[in-house]
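# Observations on chain architecture
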Amino acid sequence: MDEGGSRIRRRVSVRKRNRRSLGPIWAAAAELVPENVDEEQMVAGSRRRKTVGEPPVEHNDSEEDMFGGYDSFAENSFLDQVDDLEQKHMQFPEHEKCATDSATEDLYSESIHKRKANITAGDSVTTLNTGAHHNRHEDAVIEPETDLLYDVPSSQVLYFENLQNPSNELDNQFSKKRDWNLPSHQTVKDPLPPNCIEPPQRNDASSSEVQTGADVSRRKSLKDHLKSAMTENAKMQAPVFSKTKQLKETLLSEEMNVAKKTLESSSDDRGPFYSLPSKVRDLYGQLKGIENLYEWQHTCLTLSSVQERKNLIYSLPTSGGKTLVAEILMLQELLCHRKDVVMILPYVAIVQEKISGLSVFGTELGFFVEEYAGSKGKFPPIKRREKQSLYVATIEKGHSLVNSLIEMERISTLGLVVVDELHMIGEGSRGAVLEMTLAKILYTSKTTQIIGMSATLSNVEDLQEFLEAEYYTSHFRPVELKEYLKINDELYEVDSKAENGITFSRLLTYKYSDTLKKMDPDCLIALVTEVIPNYSCLVFCPTKKNCENVAEMICKFLSKDYLKHREKEKSEMISNLKSISGGNICPVLKRTIPFGIAYHHSGLTSDERKLLEEAYSTGVLCLFTCTSTLAAGVNLPARRVILRAPYVAKEFLKRSQYKQMIGRAGRAGIDTVGESILILQANDKQQVLQLINSPVENCYSHLVHEFGKGIQTLFLSLIGLKIATNLNDICHFMSGTLLGVQQKILLKGKSLSEITVESLNCLTEKGLLQKDMIYESEAEFQCNFRITKLGRASFKGMIDLAYCDILYRDLKKGLEGLVLESLLHLVYLATPYGMVSQSDPDWMIYFRQFSQLSPAEQKVAALVGVSESFIGKKASGQAIRKELEEFWVYEALLVELTKKLTYCVKAELIPLMEVTGVLEGRAKQLYSAGYKSLVHLANANPEVLIKTVSHLSRRQAKQIVSSAKHHHRFFRSYSGSLCGSEVRHPKFLQREEAGRNLNDLGKSHHHLSLSRCHSE
């Protein structure tokens, strides 16, 4: 058969199956034309079949349309019409041309009308070129757009494909019957040259009879095979396709293509939903209940700077809807511009919340959402060909991610960087890391857009110059916020028009008992019971421990009626907390959750935090006692926000922190008003008044803070990543940082270039960089820098440069005797040095744990310099002196001298002076009575002692004997290691009791004294 038949395949439509051309039927129909019809007539007839364009898609809600709209095999069925067409050819041979053309055209027109085609005459009719001559088999190839059998069901298509198979017996039989005019070596599938068709023998009657018989036999055989195959295939179950899903996918694909084209063009038509598919709008409605955008959001998204993909900074009050604008811009970048996106957030908890919220969008819209926080994140990120990635990262992980993209030369794949809480660029070492990240992006990629947002920005001009960005701001807030201050029992409303910024509001009338007043001096119970359980409340506390204490205190004095509020849900929540924690639950939460109260701070696991936040959002929990972390972005608003004190840890509250905390008051769509109450003492009143009336703090670069640690880290990464390797390039880079913008304010006495040179020299001295001098001439030279192995390891591992040399020495020392019998040695080496200042251990607990270590673990302690004597002294409260091991002998000599100078008595009385209650006079009495040592006193009988020493009461006698026994035990172990023949260098001492569990501190003094000269 012809090539048209080989193209037959199943084509699935959104609403109804579409079919490719079926060459065999037209080839068979063409053979019905008698031999006296010339080629020109056949060409004209075949071309009429190419006059109709592709019909529109017909809506059909049926899941499986087996026969494409044809109900039976008879009575106006498709096969019946084909049979009528063939009969006409046989009955009226003298009108072959007219019959063929008209019947074919009528049949095709009827098929088109059945499908309700809405096609104009100008689009459907093609001028016939009767002068053109084509081969018959070439004309049999029907274009898919004008296919007559467009609606043939899949069962018929399968049968026709079998007919096309050259190995099929039926095909071979038909080939033999059809090729009576061809040589034996040719087949129907071969293209026939025009000169190979012999003219028919019109005058031979026998030939006509043979031809007529062959035609009848062929028609019956074809019809029988068609009917039997269709019947059998109709019984088979066809694959079920979700047409609704296919329709949605098609519409989504079309809208994405339209959005992409409109973004690339200068047209004002930006697509159905801010250049995004309408599915995005539907997802926001379904998942977040957002049907319409605020007016400021629409204005911001349609800014010319946003349309031109310029950098942007925008600032609005908390709860104003800033995040939604950022999400829409990120989706535009992912779906329309087909670039990756990085979103930088301040805390791990906020990253996890954002991952949870955006994962559904990634699944539905076809992009990846990857978490870069804590221990999660792959460096370099996985390179994907078809789908884009949204990286949600903390500040530190975002910096490492940008470094890896620059190193792999993939920074151009990054289309957008969104920074939430942009004001944190001015907060300590974390702000310095954020500044490094943004400066590197600005320097290495001119196509990456940067979007920064914050609720608290002051010196925006400096940030604009640094980021080369436009600025948009609004004072919009969906819910009104009222601010109050509480001093004693009085509430004052913050009023900017008042003289001192506040006006009296009301007195608290809650009746307090003496016990309650002592437990709750700040009247927290009165403030929270005005709101809970019908509304939600947040209580911000200075520390994590205070959060737990306040939650328990509130529950102690709440009415039992609070236990009945959603009791079943709270019981289920406690069960869920136990299941995710292996059967254990925090005792504080176990006591507070039945009242609808819980604490929220970084001590919770991610699963616990997620469960508590869901319960709070649904109203099962009505009050959170929390730290300031919750104010930085976790979406948990409340009707009332209470600030327990104007402090975060031990530092006084900043204006930006205060605005963030009170910004959680008022839930859009739920509350009509939000309230914030700051509890303060009278001595903090002036500071608080200054706090509420002052502007937000300015953001200043922290690269030069902490002895220039930030700028040194930046230089190390610049040279390691080959962003800038010589002094001129490094200076040029620094001029584009926030420090470069603010150098006149921050750098007093030194220029930026001088600080740059000093920092580079410091890195060279530490062995992190190597300097190469390249002389271009006698008078000109260039200073290039190369990073060393230690330097590369430091910047890739994000090691604090203040500790990198110490860590290197520890690792080097560990190679000499790394103890692998347990993980303790590796844990010691992996512990950050910065945690030392944060740790304040209970030394008695420390000592108990130390005494339970295995011999191998005690060996680790000795190897790193932690001796048992040091821990014993800390546990017993003794003063610790740093000692040099080579001067061990002086200690034995100086001990006695120290005692003589302390007591100012004769040497023989010194042991007696150690006893509690014995002064010089009593010591002389005891010595004269024969009690000349601690041993004598320890073994004395108090009744005998009363009779031998004058003016000694029974109580004093018992006290002297008891104290002598205690000092004798300690002195015996102490002097045994330092006095007489027992005094030896520590390295010769045998540690016979090593590895034994020592539960009693008093029993371990002798053991600890053996290593006291090792104490730090």
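Residues numbered from 1 in each chain as written. Predicted model: local features only at pLDDT ≥ 70, side-chain atom pairs only at ≥ 80, totals over all residues. Heavy atoms only, no water.

## Description of the sheet that holds strand β13 (residues 537-540)
One open sheet accounts for 8 strands, arranged β12-β11-β10-β19-β16-β13-β15-β14; its pairing is mixed. Each edge of the sheet is formed by a strand with only one pairing partner; in this case those strands are β12 (502-507) and β14 (597-600). Along the sheet, successive strands turn relative to each other by an average axial angle of 25°, direction set aside. With 4 bridges connecting them, β14 and strand β15 (residues 623-626) associate as parallel partners. For tyrosine 599, the partnering residue across the bridge sits in β15 and is threonine 625. Contacts between helix α27 (residues 685-693) and the sheet are confined to β10 (480-487), β11 (490-494), β12 and β19 (673-680), with β10 contributing the most and set at about 165° to the helix. (Pairing = 2+ DSSP bridges. Helix = DSSP H or I, 4+ residues; strand = E, 2+ residues; numbered from the N terminus. Axes fitted to C-alpha atoms, helices over the stretch in contact; angles between N-to-C directions. Contact = heavy atoms within 4.5 Å.)

## Some details on the environment of isoleucine 406
Mapped onto the elements, isoleucine 406 comes out in helix α17 (residues 395-407). Considered as a pair, isoleucine 406 and isoleucine 441 are 35 residues apart in the sequence and their alpha carbons are 8.8 Å apart. Setting aside its immediate chain neighbours within four residues, isoleucine 406 contacts Ile411, Lys440, Thr444, Leu721 and Ile723.

## Here we look at unusual backbone geometry
A cis amide bond links phenylalanine 379 to the next residue, proline 380, at an omega of -10°. Inspection of the secondary structure puts proline 380 in the loop between β5 (368-372) and β6 (389-393). Looking along the chain, the bond that leaves isoleucine 532 and enters proline 533 is cis, with omega of 5°. Phi at glutamate 409 takes a positive value of approximately 60°, unusual for a residue other than glycine. By secondary structure assignment, the location of glutamate 409 is in the loop between α17 and β7 (414-420). Look at glutamate 409 and you get exposed, because its relative accessible area is 72%. Unlike most non-glycine residues, alanine 649 shows phi in positive territory, near 60°. Structurally, alanine 649 can be placed in the loop between β17 (647-648) and β18 (651-652). Under the relative-accessibility criterion, alanine 649 is labelled partly exposed at 45%. (Buried < 20%, exposed > 50% of the residue type's maximum accessible area, 1.4 Å probe, protein only.)

## Details of the confidence of the model for the protein chain
Per-residue confidence for the protein chain averages 74 on the pLDDT scale, and 68% of its residues sit at or above 70. Within the protein chain, strand β4 (residues 340-344) carries the highest mean pLDDT (97), whereas helix α45 (residues 1005-1009) carries the lowest (34). Note that residues 1-76 has pLDDT below 50 and, in this model, 208 contacts with residues that lie over four places away or in other chains. Long-range and interchain partners of residues 166-208, a stretch whose pLDDT sits below 50, account for 44 contacts in this model, where long-range means more than four residues apart. (pLDDT = per-residue confidence, 0-100.)

## Re the packing of aromatic side chains
In total, this model carries 13 aromatic pairs according to the counting rule given. Considering the side-chain rings of tyrosine 443 and phenylalanine 733, the 5.1 Å spacing of their centres and the 65° angle between planes classify their relative orientation as edge-to-face. Of the two residues, tyrosine 443 sits in helix α18 (residues 428-444) while phenylalanine 733 sits in helix α29 (residues 727-734), which places them 290 residues apart along the sequence. Look at phenylalanine 733 and you get buried, because its relative accessible area is 2%. Ring geometry for tyrosine 492 versus phenylalanine 504: centroids 5.7 Å apart, planes at 80°, classification edge-to-face. Taken together, the residues span a long stretch of sequence, with tyrosine 492 in strand β11 and phenylalanine 504 in strand β12 at a distance of 12 residues. Residue classification places tyrosine 492 among the buried residues on the basis of a relative accessible area of 17%. Members of the aromatic cluster, connected to one another through ring pairs, are Trp296, Tyr314 and Tyr472. Positioned over the ring face of tyrosine 512 is lysine 517, at 5.6 Å from the centre of the ring. (Phe/Tyr/Trp six-rings, centres within 6.5 Å; stacked < 30°, edge-to-face > 60°. Lys NZ or Arg CZ within 6 Å of the ring centre and 35° of its normal.)

## Focus on the sheet that holds strand β9 (residues 469-473)
Taken in spatial order, the 7 strands make up an open sheet running β5-β6-β4-β7-β8-β3-β9, and their pairing is parallel. The sheet is open, and its two borders are formed by β5 and β9, each paired with just one other strand. Taken over all neighbouring pairs, the strand axes of this sheet differ in orientation by 15° on average, direction set aside. Here β5 runs beside β6; their pairing, made up of 5 bridges, is parallel. In the sheet register, glutamate 370 faces β6, and the bridge partner there is tyrosine 391.

## What to know about the packing of α29 against helix α32 (residues 752-765)
The packing of two helices is summarised by the inter-axis angle and the distance between the axes. It is the contact of α29 with α32, at a shortest axis distance of 10 Å, that shows an interaxial angle of 125°. In terms of axis orientation, α29 runs oblique to α32. Of the two elements, α29 crosses α32, and the hand of that crossing is right-handed. Across the interface between the two elements, Leu727, Ile730, Cys731 and Met734 from α29 touch Leu752, Thr756, Val757 and Leu760 from α32. (Parallel < 35°, antiparallel > 145°, perpendicular 65-115°, else oblique. Left-handed = near helix turned anticlockwise from the far one by under 90°.)

## Digging into the pattern of salt bridges
By the definition in use, this model includes 21 salt bridges. Glutamate 308 serves as the salt-bridge partner of lysine 310, at 3.3 Å between the closest nitrogen and oxygen. With a relative accessible area of 49%, glutamate 308 lands in the partly exposed category. Note that lysine 924 and glutamate 920 form a salt bridge whose closest N and O atoms lie 3.5 Å from each other. (Salt bridge = Lys/Arg side-chain N within 4 Å of Asp/Glu carboxyl O.)

## Structural notes on the side chain of glutamine 712
Looking at where glutamine 712 falls in the secondary structure, it is placed in helix α28 (residues 705-720). Non-local contacts of glutamine 712, meaning those with residues more than four positions away in its chain, are made with Phe707, Ser759, Cys762, Leu763, Lys766 and Leu801.

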